[in-house]
Amino acid sequence: VVIYFSHKTRDSWGKSHYDAYFRSIYGAHRACVTAHTASGFRFDENLSLDFLQGVQTVYLPHAAILTSAEIATLTEFVKAGGTLLVTGQTGTHDIAAQRSVLPEWEKLIGARIKDVPADKDFHVHLPHQEGMPHTETPFLVYGPTTIYE
């Protein structure tokens, strides 16, 4: 697993949300360590297909700002068999940290972004799934969130 660190998000969106961005990065790293999953970091400055060679999963923890060039590279990565793990408000803002979603991002993830709430606490309730215990139990999630449809 490669954890994707977005300098653009840190330097633009993160100016007013510094703690939220770094908490997302720390949480992604901690999740990998807790799961005993080999992980490392890749930075937006160096993103290329060559730089992702041998990588199975790219974890984008709240990379709020993604450019068309980054999305194109990630699209090629997925077409080549790679997997994306997207959390937080990934791909929901432009370089000026204004809410903006690129159509190619929604095409890549296969969902339309419905809302990017300002609230930090969310009660999540998933529908029952056969064979999955506790899926009907609501739980509390804290952090930047995106609602998809």
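Residues numbered from 1 in each chain as written. Predicted model: local features only at pLDDT ≥ 70, side-chain atom pairs only at ≥ 80, totals over all residues. Heavy atoms only, no water.

**Details of the pattern of salt bridges**
Point 1. With the rule as written, the count across this model stands at five salt bridges.
Point 2. Where K8 meets E70, a salt bridge forms, and the shortest distance between an N and an O atom there is 3.6 Å. One end of the pair, K8, is in helix α1 (residues 7-34); the other, E70, is in helix α2 (residues 68-79), with 62 residues separating them in the sequence.
Point 3. By relative accessible area, K8 is classed as partly exposed at 22%.
Point 4. Residue class for E70 comes out buried when judged on its relative accessible area of 4%.
Point 5. The network of salt bridges with common partners includes K8, D44 and E70. (Salt bridge = Lys/Arg side-chain N within 4 Å of Asp/Glu carboxyl O. Helix = DSSP H or I, 4+ residues; strand = E, 2+ residues; numbered from the N terminus. Buried < 20%, exposed > 50% of the residue type's maximum accessible area, 1.4 Å probe, protein only.)

**Here we look at unusual backbone geometry**
Point 1. For H62, which is not a glycine, the phi torsion comes out positive at approximately 60°.
Point 2. Relative to the helices and strands, H62 is located in the loop between β3 (57-61) and α2.
Point 3. According to the relative accessible area criterion, H62 is buried, its value standing at 0%.
Point 4. The phi torsion at A97 lies on the positive side, around 65°, for a residue other than glycine.

**Focus on α2**
Point 1. Compared with an ideal rise of 1.5 Å per residue, which puts twelve residues at 16 Å, α2 spans 16 Å between its outermost C-alpha atoms and is within 8% of the ideal.
Point 2. Buried residues of α2: E70, I71, T73, L74 and F77, and no others. The buried residues of α2 occupy an angular sector of 160° when the element is viewed end-on, so they sit on one face. Summarising the geometry of α2, the exposed residues directed more than 90 degrees from the buried face are A69 and K79.
Point 3. In this fold, the buried residues of α2 make contact with β1 (2-5), α1, β3, β4 (83-87) and α3 (103-109). (Expected span 1.5 Å × (residues − 1). Arc of directions from axis to C-beta. Contact = heavy atoms within 4.5 Å.)

**Re the nonpolar core**
Point 1. In this structure, Y4, V58, L60, L66, L74, L84 and W105 are the most contacted members of the largest nonpolar core, which totals 17 residues.
Point 2. Contributions of two or more residues to this core are made by β1, β3, α2 and α3.
Point 3. When residues in this core are grouped by element, the largest group, three residues, is from α2.
Point 4. In contact with W105, not counting residues within four places along its chain, are L66, I71, L74, V86, T90, G91 and I113.
Point 5. The next biggest cluster of nonpolar side chains, apart from the first, holds seven residues, and it includes A20, I25, A64 and I65. (Core = buried A, V, L, I, M, F, W, Y, C linked by side-chain atoms within 4.5 Å.)

Shape is all these values report; function is a separate question.
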